[in-house]
Amino acid sequence: MEKTVLELAKLINGRIVGDDSIIVTEARSFDQAVPQSITFAVGDYVDHIGQCKAGVIILEEEVPDAPMTQIIVDNAKAAFAPILQLFYPPVVVPREIHPTAIIGKNVTIGNNVAIGAYCVINDNAVIGDNVTIRPYVYIGHNTRIGKDSDIYAGAIVHENCILGERVVLRAKAVIGGEGFGFATENGVHTHIPQVGNVILEDDVEIGSCTTIDNATMGSTIVRKGTKIDNLVHLGHNVDIGENCFLIAQVGIAGSTKCGNNVIFAGQTGCTGHITIGNNVQFAGKTGITGNVPDNAIMAGYPMRHHKEWLKLSAYENRLPDMVKTVKQLQKEIDALKAQLKES
Amino acid sequence: MEKTVLELAKLINGRIVGDDSIIVTEARSFDQAVPQSITFAVGDYVDHIGQCKAGVIILEEEVPDAPMTQIIVDNAKAAFAPILQLFYPPVVVPREIHPTAIIGKNVTIGNNVAIGAYCVINDNAVIGDNVTIRPYVYIGHNTRIGKDSDIYAGAIVHENCILGERVVLRAKAVIGGEGFGFATENGVHTHIPQVGNVILEDDVEIGSCTTIDNATMGSTIVRKGTKIDNLVHLGHNVDIGENCFLIAQVGIAGSTKCGNNVIFAGQTGCTGHITIGNNVQFAGKTGITGNVPDNAIMAGYPMRHHKEWLKLSAYENRLPDMVKTVKQLQKEIDALKAQLKES
Amino acid sequence: MEKTVLELAKLINGRIVGDDSIIVTEARSFDQAVPQSITFAVGDYVDHIGQCKAGVIILEEEVPDAPMTQIIVDNAKAAFAPILQLFYPPVVVPREIHPTAIIGKNVTIGNNVAIGAYCVINDNAVIGDNVTIRPYVYIGHNTRIGKDSDIYAGAIVHENCILGERVVLRAKAVIGGEGFGFATENGVHTHIPQVGNVILEDDVEIGSCTTIDNATMGSTIVRKGTKIDNLVHLGHNVDIGENCFLIAQVGIAGSTKCGNNVIFAGQTGCTGHITIGNNVQFAGKTGITGNVPDNAIMAGYPMRHHKEWLKLSAYENRLPDMVKTVKQLQKEIDALKAQLKES
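Residues numbered from 1 in each chain as written. Chains lettered and ligands numbered in written order. Predicted model: local features only at pLDDT ≥ 70, side-chain atom pairs only at ≥ 80, totals over all residues. Heavy atoms only, no water.

Caption draft 1: The environment of L200 of chain C, seen in detail. Residues and elements named next belong to chain C. With respect to the helices and strands, the residue L200 is situated in strand β23 (residues 197-200). By relative accessible area, which is 1% here, L200 ends up buried. Considered as a pair, L200 and G154 are 46 residues apart in the sequence and their alpha carbons are 18 Å apart. Contact partners of L200, with chain neighbours within four places excluded, come to I162, L163, G164, V167, L169, I175, I206, I212 and V222. (Helix = DSSP H or I, 4+ residues; strand = E, 2+ residues; numbered from the N terminus. Buried < 20%, exposed > 50% of the residue type's maximum accessible area, 1.4 Å probe, protein only. Contact = heavy atoms within 4.5 Å.)

Quick look at the structure:
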């Protein structure tokens, strides 16, 4: 594929600085770019622009002596997305119901839907317009998938769940499995039926092998725009706010409620029945043990404010020296005592 | 659905306190209950019974001035289970072998079995009476599934495994995959065939995307009544006792043996080849580094007794102050020394 | 099956010490062996050889008074592998394309390939000679599987990926799913298309429910001979060297590069965009927060040298005593001061 700088700049609403006659044949990363490539740079990368071999670069501010043509935009990383889609169009999924898909009774299927091989869509499910359902997807009874959603191979959505518009489920995601709820009598655990559902609002994305359990009663909720990575677990009745990030292998126990724009870095774990405010950030592997107010940055286990955690980690390094110092002080005091006794 | 208090109390063997003429149409959580609801309360919830809007509440002790009809039972949470099943009956799975299921040679199938679409049941498998196997389930050669078990969509049980009665496997559970065993020569790792199996005893439940590896030789065992949550990993030759809880994302390395009634909270990790006693509890994210005696409550990494871990965490907060104090003591000692020299 | 010691010793190139007329009927573990068994011993097990009931044992050095026949080899554990395969031959997979497998356009299939029930092999895929693909495996467009590879049930390999020879994917592994890459504007996250692929080199093994994301551009790479356990996550553009071990539930964030012969013990987490040297070892649950040089042994979070981590953990135990000591020193100093004042 050949594209002119003018075509590319128009696509991303950018301003050209430099030679606008260059022909671009591919998009590449900053490090691997060649003269036929377009790439982008933000942050520290901009300082190393002299080493970049790209013929065209997307930037957020003009760089005076850059060795290539620049396209200036407001958000360079975001602008690179349509460029990537242009040069690397995704696999085209045929808009058809594969003859091996098993469709239950009273299923509603919108316009321009794709349902792949060996799917099972159960009774009363509702599939919105333009939804893409790839092979081996299981949709439970009464579940509704909003328009423009994309469900990857082998994902499972159990019964009664509600997915909004433009929801993405990656391969093998499991939505609405029964929550881990038991009553224990004399040491024997009896399962409590979990009869609620899962609601994933508009623009939610769920990673591969991530499991989101249904609610005991009511709904486990992930609110609009929140993105969840692979191998994450959400327990029953969890409520995650809007535009959050949950990075890989995070686990949130039952009934915890979380505000908007919260970032859980990888392998963070959270106890149940607590409340987390808005705009909170958790460092990787944080063990969340209690409520967290708005705007806090937390780390460690037991959880502390991130700055406090860094400070205490540094102080821990001084422990051996301090033990020595204290012993030395004891000796000096003993010497002083002896001296005083003599005098 | 409409049910009288009398019908509900009879179902759970309870004693009615208050108006026994009320009609109930649904079960709801304590917080979301309305006058047509039945709910339950234990622990702190009982103190807030005045704010509950339910028409009927299940309790373990009579509350004198409660604003609704009470049903008194021994275990309120357990009694709520049949109530939930009454009002929210699970999806009915047809008792048939779906025509797309592929059944191997010499497979034994009991009475009243359901086998869903696109299942693969391999040679010599034995499926007990009343077993429910949902779509995309793979049952390996020679594997036996005990009666009344329920296998959710996409679960895999590899060859030669033995599942007891009333075993539940959630969606995408993987039982009996080959253990992670290698012999290393000159830095190159050669797989050691793992020829053992997995035994899941009666009433075991396994969560979604949980993986339980087969034994190198002999069996990896989960004993009766133990409940395992989502995304848990058990290595080869692990032996978990009866009535344990393994919460989400726990990992147990090979050949570790664990007693009965042990609770592993979420994201706990355990090294291999150790022994854990009965009635042990591990806090979330514990790193189990050695044998643990009966009845211990452990936390942290390195693992400590829970009380000790809490105490040390609190002492860590005092580190910066202590460093200051020690410096101050040094100054005072130096001053004393100087004073003594002078005198 | 009956085998003579002579046959067994020949199979593993071993030297017989003792009675070479014994007939062996099964391979068992050291603890569970009976007189008809062959077993092996390394390390501490050799010291307890007197308690072993096996008729034949594989050892690396002759033990003078051992109560059974010995076969001496260089690596006893490695030598046990062909013995296990002899006595417990794996399930035979028919070398055929199952009639329910859906094969796309322009797919190349080598000789002696097995493709199981309900597989979906997409357009332009290339399947090498002797590859075994079990049921429900999804192979994306343009993906290449090297010869002698073995793909277990329900594994997914997305489009454009390249698998080397003798690669093993366990059940439900997900290779090449789209990486977790977003551009954030005004708090709203927009997915950046991830157009790269995953390369798994020769002799790589990937565990069940492990997820390896594709690269934003270029390739996420696992180099030859590396073995990855269950429920592991590798982010986009990760590059893992040769002959590494990644134990269960490890997570590596995007663009991190790791050398050869590195061992990540279970539940270790690693931040993105860092570099790890060769021959590094990480203890379980390490939180890798920065670059790591060759040959380091690391532990803890924040990560420290393993010895340092052990030392500091021990010092932490002394914290309460030290606080007491410091208080006592303060008292003694105060007493000295008072004494000096008096004198």
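Moving on, there is more to tell.
Caption draft 2: A look at the pattern of salt bridges. For the coordinates displayed, the defined rule picks out 39 salt bridges over all chains. Among the ionic pairs, R166 of chain B bridges to E165 of chain B, the shortest N-O distance being 3.4 Å. Overall, E165 of chain B belongs to the partly exposed group, its relative accessible area being 28%. A network of salt bridges, in which partner residues are shared, links E201, R223, D239 and K257 of chain A. (Salt bridge = Lys/Arg side-chain N within 4 Å of Asp/Glu carboxyl O.)

Caption draft 3: Region of interest: the sheet that holds strand β33 (residues 263-264) of chain C. Residues and elements named next belong to chain C. Judged by pairing direction, the sheet is mixed, and its eleven strands sit side by side in the order β10-β13-β16-β19-β24-β27-β30-β33-β36-β38-β39 without closing on themselves. Strands with a single pairing partner mark the edges of an open sheet, and in this sheet they are β10 (114-115) and β39 (304-305). Across two bridges, strand β24 (residues 205-206) lies against strand β27 (residues 227-228) in parallel orientation. The residue bridging I206 from the neighbouring strand is I228, located in β27. (Pairing = 2+ DSSP bridges.)

Caption draft 4: Up close: the packing of helix α3 (residues 306-317) of chain B against helix α4 (residues 319-342) of chain C. At a minimum axis separation of 9 Å, α3 of chain B and α4 of chain C run at an interaxial angle of 45°. Taken together, the axes of α3 of chain B and α4 of chain C lie oblique to each other. Between α3 of chain B and α4 of chain C, the residues in contact are K311, L312, Y315 and E316 of chain B and L319, P320 and V323 of chain C, respectively. A per-class count over the contact of α3 of chain B with α4 of chain C returns five nonpolar, no polar and two charged. (Axes fitted to C-alpha atoms, helices over the stretch in contact; angles between N-to-C directions. Parallel < 35°, antiparallel > 145°, perpendicular 65-115°, else oblique. Nonpolar A, V, L, I, M, F, W, Y, C, P; charged D, E, K, R; others polar.)

Caption draft 5: Local environment of empty space enclosed by the protein. By the definition in use, this model includes five cavities of 30 Å³ or more. Broken down by secondary-structure element, the contributors of at least two residues to the lining of the largest cavity are α3 (306-317) of chain A, α3 of chain B together with α3 (306-317) of chain C. Looking at side-chain class alone, the lining of the largest cavity contains 15 nonpolar, twelve polar and nine charged residues. Here the second largest cavity is characterised by a volume of approximately 70 Å³. Taken together, Y136, G154 and K172 of chain A, Y136, G154 and K172 of chain B together with Y136, G154 and K172 of chain C make up the lining of the second largest cavity. Here the residues of the lining of the second largest cavity sort into three nonpolar, three polar and three charged. (1 Å grid on protein atoms, 1.4 Å probe; cavity = no way out; pocket = protein on both sides within 12 Å on 5 of 7 lines; lining within 4 Å. Points joined across faces, edges and corners; volume = space filled by probe spheres on them.)

Caption draft 6: Focus on the interface of chain B and chain C. With 64 residues of chain B in contact, the opposing surface of chain C contributes 62 residues. Of the roughly 5200 Å² buried between chain B and chain C on both sides combined, carbon and sulfur atoms contribute 69%. For the interface between chain B and chain C, the tally reads three salt bridges. Across the pair E332 of chain B and K337 of chain C runs a salt bridge, and its minimum N-O distance is 2.8 Å. For the pair chain B and chain C, the interface holds 25 residue pairs in polar contact (both at pLDDT 80 or more). Elements supplying a minimum of two residues to the side of chain B that touches chain C: β21 (182-185), β22 (188-191), β25 (211-213), α3 and α4 (319-342) of chain B. (Buried area = accessible area lost by both parts, 1.4 Å probe. Polar contact = N/O pair within 3.5 Å; in protein donor to acceptor, adjacent residues only side chain to side chain.)

Caption draft 7: Structural view of the sheet that holds strand β28 (residues 233-234) of chain B. Residue and element names in this part refer to chain B. Pairing in this open sheet of ten strands is parallel, and the strands run β8-β11-β14-β17-β20-β25-β28-β31-β34-β37 from one edge to the other. The two strands at the open ends of the sheet, each matched to only one other strand, are β8 (102-103) and β37 (287-288). Relative to strand β17 (residues 156-157), strand β14 (residues 138-139) runs parallel, the two sharing two bridges. Residue pairing in the sheet places Y138 in a bridge with I156 of β17.

Caption draft 8: Broad picture of the relation of the copies chain C and chain A. Screw-axis analysis of chain C against chain A gives a translation of 0.0 Å along the axis, an RMSD of 0.1 Å, and a rotation angle of 120°. Such a combination of turn and shift is consistent with a three-fold rotation axis. (Least-squares fit on C-alpha atoms with pLDDT ≥ 70 in both.)

Caption draft 9: Main features of the interface of chain C and chain A. Taken together, the 64 residues of chain C in the interface contact 62 residues of chain A. Across the chain C/chain A interface, buried area totals approximately 5200 Å², and carbon plus sulfur atoms make up 69% of it. For chain C, the biggest contributors to the area lost against chain A are F180, M217 and Y301 of chain C; these three give 13% of the whole. Here chain C and chain A share three salt bridges between them. Residue R170 of chain A is joined to E178 of chain C by a salt bridge in which the shortest nitrogen-to-oxygen separation is 3.7 Å.

Caption draft 10: Layout of the confidence of the model for chain A. In the predicted model, chain A carries a mean pLDDT of 95, and 100% of its residues have values of at least 70. Reported for the predicted complex are a pTM of 0.94 and an ipTM of 0.93. (pLDDT = per-residue confidence, 0-100.)

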